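Residue-level listing of the chains:
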Amino acid sequence: MPVRRTVRDEVLEFTPYAPGLSIDEIRRKYGLTNVIKMASNENPLGAPPLAQKAIQAAAALAFRYPQAGNPRLIRALSQAHGVAENRLAAGNGSDEIIDLILRIKARPGRDNIVAFTPCFSIYALQARLCGLTLRRAPLAPGFSFDLDALVAACDENTAVVFLTNPDNPSGYAIKAGEVLALARKLPRHALLVVDEAYIEFAEPYEEYSVLTRLAEADNLAVLRTFSKLYGLAGLRLGFSAMPAWLADYVARVKLPFSVNLLAEEAGIAALEDAPFKEKTLETVRAGRALLTRELAAMGFAVFPSQANFVMFKPSVDAGELFSRLLARGIIIRPLKSYGLPEYLRVSVGSPEENAAFLTAVRELARELG
Ligand SMILES: *Cc1c(COP(=O)(O)O)cnc(C)c1O
């Protein structure tokens, strides 16, 4: 058999992740100078000033390998979040940790993973690459969680159950008590991975997060990212709080330098930048309320969000509205790849970006209506 025909079936069938469109692509395609990106839930204020300083200060050290295991970052995370160091793992984005958990916990060709449909596509993509089957539970009406359906989808080979809280793309969230109750209801061999990428935007935050409550269930792991609130999506940094035995396996099998030196320095500085975090939360919560109110006033179905984005179903054709916004230099997220072609998702932007988006949508809704 020729060498190129010996590739694994999982790879032959693989459909890659569909990212949001980039500003450069749209500038070139439509010959625009001003392009607004409200598609990937990035921080509307940019990167934290303290993190930018830390990156500049560390630039000359780029020739060094980072310290394997990133002990300084782990210590800073432990202090910032009140989680024991032996429960923490850092990764090249939370994407890397999702992949590692699957490779550690699930046996190829035998185990399955369980998640709601629709859900964040990385869970399904990495599961497929790992040779796992994906069992999906439907969401309840209004995109709320049918937790009994999630439990019912599990069987004796379920290795991992993913729950995104707040959910992407709807922004729906459940309280910490419900998450813990779910962990206890799952089969004992199933690990519940709660992806809290957007949890800091929930109000009140303390009632939603299970980050500091891992001791209340022994099959619970939490994922966090520096890509959203902490404004460092381009550096790729995420972390997880998990049972100590799992954190130990992650430390053993992870590629030693996947968290690079600049990401580590920037992450530590971002944790210390309290004013940036406060300003981001204020901007996002105010912008979220504005977008929710104004899109609803246009007669669109808008879903209450606890995240830094808003999902809506326009009264005009969603695909058409998306492409007309694009031609005006405003990039939002069509949800066709989530199986929701009639819905759109917009990230909360700066006050100026939100205003430009709302003005454009108002005009286009009139034209297309
Ligand atoms: C954005 C996002 C992440 C973050 O991923 P990183 O790899 O840390 O950038 C994780 N989970 C969900 C559901 C997200 O939407």
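Our subject is the structure that appears above.
Rules used in this analysis
- Residues numbered from 1 in each chain as written.
- Predicted model: local features only at pLDDT ≥ 70, side-chain atom pairs only at ≥ 80, totals over all residues.
- Heavy atoms only, no water.
- Near = heavy atom within 4 Å.
- Polar contact = N/O pair within 3.5 Å; in protein donor to acceptor, adjacent residues only side chain to side chain.
- Areas by Shrake-Rupley, 256 points an atom, 1.4 Å probe, with all protein chains shown as cover.
- Helix = DSSP H or I, 4+ residues; strand = E, 2+ residues; numbered from the N terminus.
- Buried < 20%, exposed > 50% of the residue type's maximum accessible area, 1.4 Å probe, protein only.
- Pairing = 2+ DSSP bridges.
- Axes fitted to C-alpha atoms, helices over the stretch in contact; angles between N-to-C directions.
- Parallel < 35°, antiparallel > 145°, perpendicular 65-115°, else oblique.
- Left-handed = near helix turned anticlockwise from the far one by under 90°.
- Contact = heavy atoms within 4.5 Å.
- Nonpolar A, V, L, I, M, F, W, Y, C, P; charged D, E, K, R; others polar.
- Salt bridge = Lys/Arg side-chain N within 4 Å of Asp/Glu carboxyl O.

Draft legend 1. Inspection of the site of the ligand at higher detail. Neighbouring the ligand are 14 residues; Asp195, Tyr198, Thr225, Lys228 and Arg236 lie closest to it. Take Asp95: an N or O atom from its main chain is 3.1 Å from an oxygen atom of the ligand. In the model, a nitrogen atom of the ligand is placed 2.6 Å from a nitrogen or oxygen of the Asp195 side chain. A total of 390 Å² of accessible area belongs to the ligand in isolation, and the protein chains cover 93% of it. The element best represented in the shell around the ligand is helix H5 (residues 93-105), accounting for 3 residues.

Draft legend 2. Representation of the pairing of strand E13 (residues 344-347) in the model. With burial as the criterion, each face of E13 is covered, one bearing Leu344 and Val346 and the other bearing Arg345 and Ser347. Pairing of strand E12 (residues 333-334) with E13, which is carried by 2 bridges, proceeds in the antiparallel orientation. Considered in E13, the bridge of Arg333 is made with Arg345.

Draft legend 3. Inspection of the packing of helix H12 (residues 318-327) against helix H13 (residues 351-368) at higher detail. Contact pair H12 / H13: the axes reach a minimum separation of 10 Å and the direction vectors enclose 130 degrees. By the angle between their axes, H12 is oblique relative to H13. H12 and H13 meet at a crossing whose hand is right-handed. Residues Glu320, Leu321, Arg324 and Leu325 of H12 touch H13, and the partners they reach there are Phe357, Ala360, Val361, Leu364, Glu367 and Leu368. Considered class by class, the residues forming the contact of H12 with H13 number 7 nonpolar, no polar and 3 charged.

Draft legend 4. Structural view of the pattern of salt bridges. One pass over the structure, following the stated rule, counts 24 salt bridges. Between Arg107 and Asp111 there is a salt bridge whose closest N-O contact spans 3.0 Å. Judged by relative accessible area, Asp111 falls into the buried class, the value being 4%. Across the salt bridge formed by Arg135 and Asp155, the nearest N and O atoms sit 3.2 Å from each other. Placement of Arg135 in strand E4 (residues 133-138) and of Asp155 in the loop between helix H7 (147-152) and strand E5 (158-164) is noted, with a sequence separation of 20 residues between them. Assessed through its relative accessible area of 31%, Arg135 is described here as partly exposed. Counted as one network, the salt bridges with shared partners bring together Glu320, Arg324, Arg328, Glu363 and Glu367.

Draft legend 5. Here's a closer look at unusual backbone geometry. The step from Asn165 to Pro166 runs through a cis peptide bond, and the omega angle for that step is -5 degrees. The amide bond that connects Glu203 to the next residue, Pro204, takes the cis arrangement and shows omega of -10 degrees. Among the secondary structure elements, Pro204 is positioned in the loop between strand E6 (191-195) and strand E7 (220-225). Positive phi, normally seen in glycine, also occurs at Asn41, with a value near 60 degrees. Residue placement: Asn41 occurs in the loop between strand E1 (36-37) and helix H3 (49-58). According to the relative accessible area criterion, Asn41 is buried, its value standing at 1%. Here Arg236, not a glycine, exhibits a phi torsion of approximately 65 degrees, which is positive. Structurally, Arg236 can be placed in the loop between E7 and strand E8 (238-241). Its relative accessible area of 26% is what places Arg236 among the partly exposed residues.

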